[in-house]
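# Structure at a glance
So you can see what is in the structure, the chains are spelled out below.
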Amino acid sequence: MKYDKGQKTIIFVVITTAFATTFAGSALNLSIPDIGKEFGAGAGLVGWLVTAYMLTVAALSVPFGRIADLSGRKRILTVGILIFSLSAAAASFGISIWMLILLRVMQGTGGAMIFSTSTAVLISAFPQKDRGKVLGLSIASTYVGLSAGPVVGGLLNHNLGWRWIFAVTAAIGFLVFVIAWRKLPAQTQEKTAADCYDWPGSLLYVGMIVLTMYGLSELSTDPVPVGMLAAGILLGIFFVRREWRMKEPVVQIRMFRSNPAYSFSNLAALLNYGATFAIGYLMSIYLQVVMGYSSQTAGLILIVQPALMALLSPYTGRLSDRISPFKLASFGMALCAAGLLVFSFAGRETPLWVIIAGLVITGVGFAFFSSPNTNAVMDCVEKKDYGVASSILATMRSIGHTASMVAVTAIVSVYMGNQELTEASPRLLIKTVHTAFLIFTAVCGAGILISLKRKTKQQERK
């Protein structure tokens with residue numbers, strides 16, 4: 001099928017922003033030590049360059065998704081690209097660690113506006129029979145960004161300095177902004193007279209997400225994070241009670257009860273991201289400490305997984321237009337569980353090909369899960385709610401990532417106390433890896449059961 005100019009523009013804008021947002025994050029991770037050294041910032045403070053962005057995206061995606069559904073997605077997407085690009089350009093001239101953290105909050109605001117609208121803009125412009133195909137292209141671009149980030153970011157950081165990572169991100173962003181502003185077709189919103197924005201509900205949601213995610217990420221015996229987590233849960237209870245009564249809520253809470261396919265699809269995403277996010281972190285340490293590879297070699301080995309995701313996602317997305325996406329997503333989760341189980345047996349004498357096989361299995365599994373599961377989620381909602389639906393799915397990803405690292409931190413503290421992973425003995429590290437991946441395998445197994453319980457409208461048609 002041939003696409004018109006408007007559809008081609010949408011594809012270009014969405015896949016390029018998907019690349020830029022993930023490239024910026026994965027590339028910046030490599031420069032964190034150099035930024036801390038330049039500004040004399042400790043590990044805790046410089047870590048906020050990552051945390052501030054993550055919290056901002058998670059907290060604001062759903063509110064911006066609702067605003068976009070009511071007022072126009074093109075406007076929110078275009079402004080988001082501009083904010084993201086301007087903050088990246090300003091960060092390339094950063095003069096203090098606090099300035100960079102503030103600019104990362106601004107960049108997270110732009111990122112939230114992008115994440116809450118890009119998927120909705122994309123699928124709104126294409127017939128249902130092509131939805132999986134275009135979703136696959138977008139998700140593939142995300143994984144290309146994740147794959148290219150460490151390689152290109154490492155080269156930029158080593159040869160030109162960390163500021164160039166922000167500069168390159170800004171250049172890509174400004175190019176996309178100009179194209180989006182001038183050529184992105186407007187999309188009519190299905191507004192009614194009752195459409196009004198629930199500001200109190202949005203504030204409750206933002207407070208709930210920030211307090212809960214920060215409390216989880218810093219969870220320890222310290223009473224402050226525990227108190228913040230408890231406060232976040234309490235705000236969540238108030239949020240659910242309020243939204244249940246609202247005629248035009250920020251989030252259609254009733255849909256989680258009345259639409260099991262929608263609930264199970266989001267829960268499956270949460271479990272899958274929670275089970276798989278720590279693979280790169282744990283296996284990077286394992287390859288260096290236990291197997292003795294350099295950080296560069298370890299990075300090249302680990303790139304196998306996102307490279308396969310990028311390669312296969314367009315095909316699995318297209319496949320989900322013909323086969324019920326819940327079946328493909330369930331199959332993908334089963335492969336992820338199998339790959340996690342392979343990692344749980346990694347030891348000192350494990351051949352490298354076994355580790356690569358595990359990366360291949362999880363890479364293929366995630367490709368089969370991600371595009372079809374997104375397709376299944378969007379099939380559960382009406383067009384007017386695409387923005388909020390895609391935002392909630394993005395929030396499930398963020399919470400899953402946070403929960404995954406919380407689990408790793410807890411397991412490390414059991415086996416090693418406060419000892420750094422890079423300084424741990426291979427024996428203790430292997431125990432940590434075994435325990436973590438056995439738990440993640442069980443989580444993924446639960447996700448398979450959840451995924452199989454879905455029944456989408458596409459399933460009924462097929």
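Everything quoted here is computed from the prediction, not taken from an experiment.

This brings us to the overall build of the protein. A count of helical and extended segments in the protein gives 21 helices and zero strands. Over its C-alpha trace the protein gives a radius of gyration of 21 Å, about what one expects of a compact globule, namely 23 Å for 462 residues. The principal-axis extents of the C-alpha atoms in the protein amount to approximately 65 × 50 × 50 Å. For the protein, buried positions account for 55% of its 462 residues. In the protein, 82% of the contacts between residues at least 6 apart in sequence involve partners at least 24 apart. Taken as a whole, the protein presents about 19500 Å² of accessible surface, with 67% of it coming from carbon and sulfur. Taken together, the 37 basic and 20 acidic charged side chains of the protein have centroids lying 7 Å from each other.

Moving on to the packing of aromatic side chains. Throughout the structure, instances matching the rule amount to 10 aromatic pairs. Consider the rings of Phe39 and Trp162, whose centres lie 6.0 Å apart with planes at 65 degrees: the pair is edge-to-face. A residue pair is termed long-range when its members are at least 10 positions apart, and Phe39 in helix H2 (residues 32-39) and Trp162 in the loop between helix H8 (131-159) and helix H9 (163-183) qualify at 123 residues. Plain terms: the ring middles of Trp162 and Phe166 are 6.1 Å apart, the flat faces sit at 85 degrees to each other, and that makes the pair edge-to-face.

Describing two packed helices takes the angle between their axes plus the distance from one axis to the other. Between helix H13 (residues 260-276) and helix H18 (residues 352-379), whose axes approach to 10 Å, the crossing angle comes to 155 degrees. In terms of their interaxial angle, H13 and H18 are classed as roughly antiparallel. The handedness of the crossing between H13 and H18 is left-handed. On the side of H13, the interface is formed by Tyr262, Ser265, Asn266, Ala268, Ala269, Asn272, Tyr273 and Thr276, while H18 contributes Phe366, Phe369, Ser370, Asn373, Ala376 and Val377. A class-by-class count of the residues in the contact of H13 with H18 yields eight nonpolar, six polar and no charged.

Here the focus is the state of the cysteines. Taken as a whole, this structure holds zero disulfides when the rule is applied. Note on Cys336: no disulfide assigned, nearest cysteine sulfur contributed by Cys444 at a separation of 5.1 Å. With relative accessibility at 0%, the residue Cys336 sits in the buried group. Here Cys444 falls in the buried class, since its relative accessible area comes to 0%.

Inspection of the secondary structure assignment puts Leu122 in helix H7 (residues 118-124). Put simply, Leu122 and Phe239 are 117 residues apart on the chain and 30 Å apart in space, counted from C-alpha to C-alpha.

Mapped onto the fold, Ser116 is located in the loop between helix H6 (97-115) and H7. A distance of 2.9 Å separates the side chain of Ser116 from the backbone oxygen of Ala112, its partner in a polar contact. At 3.2 Å, the side chain of Ser116 and the backbone oxygen of Met113 are in polar contact. Those residues within four positions of Ser116 in sequence are excluded, and the remaining contacts are Ser61, Phe64, Gly65, Gly387, Ser390 and Ser391.

Counting across every chain of the model gives three cavities of 30 Å³ or more. One number sums up the size of the second largest cavity: a volume of about 50 Å³. Elements with a contribution of two residues or more to the lining of the second largest cavity: helix H1 (5-29), helix H5 (73-91) and H9. Ranked by residue count, the leading element in the lining of the second largest cavity is H1, at four residues. In the lining of the second largest cavity, the residues fall into six nonpolar, five polar and no charged.

A separate point is the nonpolar core. The biggest cluster of nonpolar side chains holds 94 residues, and the ones touching the most others in it are Ile81, Leu122, Tyr262, Met283, Phe437 and Phe440. Here Leu122 is in contact with Ile10, Ile11, Val14, Val134, Leu135 and Ser138, once residues within four sequence places are set aside. Formed by 16 residues, the second largest nonpolar core is a distinct cluster that contains Val46, Leu49, Ala88 and Ala91.

This next bit is on a nonpolar patch on the surface. A contiguous nonpolar patch, built from Ile233, Leu234, Ile237 and Phe238 and spanning about 380 Å² of accessible area, is present on the exposed surface. Structurally, Phe238 can be placed in helix H11 (residues 223-245).

Moving on, we come to the packing of helix H16 (residues 304-319) against H18. Direction vectors running N to C along H16 and H18 enclose 35 degrees, while the axes themselves pass 7 Å from each other. Where H16 crosses over H18, the two elements pack in a sense that is right-handed. On H18, the residues that touch Val304, Gln305, Leu308, Met309, Leu312, Ser313, Thr316, Gly317 and Leu319 of H16 are Leu359, Val360, Thr362, Gly363, Val364, Phe366, Ala367, Phe368, Ser371 and Pro372. Along the lines of polarity and charge, the residues of the contact of H16 with H18 split into 12 nonpolar, seven polar and no charged.

Moving on, we get to the layout of surface pockets. What the second largest pocket holds in volume is close to 390 Å³. Lining the second largest pocket are 19 residues; nearest its centre among them are Met208, Phe256, Ile392, Met396 and Ile399. Every element with two or more residues in the lining of the second largest pocket is listed here: helix H10 (199-217), H11, helix H12 (253-258), H13 and helix H19 (386-416). Its residues placed into classes, the lining of the second largest pocket shows 14 nonpolar, five polar and no charged.

A word on a positive patch on the surface. A grouping of Lys2, Lys5, Lys8, Arg182 and Lys183 is seen on the molecular surface, where their side chains present a positively charged patch. Locating Arg182 in the fold gives a position in helix H9.

Take the side chain of Ser202 next. As for its placement among the helices and strands, Ser202 is situated in helix H10. Each residue touching Ser202, except ones within four places of it in the same chain, is listed here: Pro63, Tyr197 and Val250.

What follows is about the environment of Ala68. As for its placement among the helices and strands, Ala68 is situated in helix H4 (residues 48-71). Under the relative-accessibility criterion, Ala68 is labelled buried at 0%.

Moving on to the environment of Leu77. Position of Leu77 among the secondary structure elements: in helix H5. The class of Leu77 is buried, set by a relative accessible area of 0%. Distance from Leu77 to Phe177, taken between C-alpha atoms, is 9.2 Å for residues 100 residues apart in sequence. Not counting chain neighbours up to four residues away, the residues in contact with Leu77 comprise Val13, Met113, Ile114, Thr117, Val121 and Leu184.

This next bit is on the confidence of the model for the protein. Averaged over every residue, the pLDDT of the protein is 80; the share at 70 or more is 90%. Every residue in residues 456-462 is under pLDDT 50, and counting partners more than four places away or in other chains gives 22 contacts.

Reading the values: the criteria
Residues numbered from 1 in each chain as written. Predicted model: local features only at pLDDT ≥ 70, side-chain atom pairs only at ≥ 80, totals over all residues. Heavy atoms only, no water. Helix = DSSP H or I, 4+ residues; strand = E, 2+ residues; numbered from the N terminus. Rg over C-alpha atoms; globule rule 2.2 N^0.38 Å. Buried < 20%, exposed > 50% of the residue type's maximum accessible area, 1.4 Å probe, protein only. Contact = heavy atoms within 4.5 Å. Areas by Shrake-Rupley, 256 points an atom, 1.4 Å probe, with all protein chains shown as cover. Lys, Arg positive; Asp, Glu negative; His and termini not counted. Charge placed at Lys NZ, Arg CZ, Asp CG, Glu CD. Phe/Tyr/Trp six-rings, centres within 6.5 Å; stacked < 30°, edge-to-face > 60°. Axes fitted to C-alpha atoms, helices over the stretch in contact; angles between N-to-C directions. Parallel < 35°, antiparallel > 145°, perpendicular 65-115°, else oblique. Left-handed = near helix turned anticlockwise from the far one by under 90°. Nonpolar A, V, L, I, M, F, W, Y, C, P; charged D, E, K, R; others polar. Disulfide = S-S within 2.5 Å. Polar contact = N/O pair within 3.5 Å; in protein donor to acceptor, adjacent residues only side chain to side chain. 1 Å grid on protein atoms, 1.4 Å probe; cavity = no way out; pocket = protein on both sides within 12 Å on 5 of 7 lines; lining within 4 Å. Points joined across faces, edges and corners; volume = space filled by probe spheres on them. Core = buried A, V, L, I, M, F, W, Y, C linked by side-chain atoms within 4.5 Å. Patch = residues over 30% accessible without salt bridge, like charges linked within 9 Å, V, L, I, M, F, W, Y side chains within 5 Å. Salt bridge = Lys/Arg side-chain N within 4 Å of Asp/Glu carboxyl O. pLDDT = per-residue confidence, 0-100.

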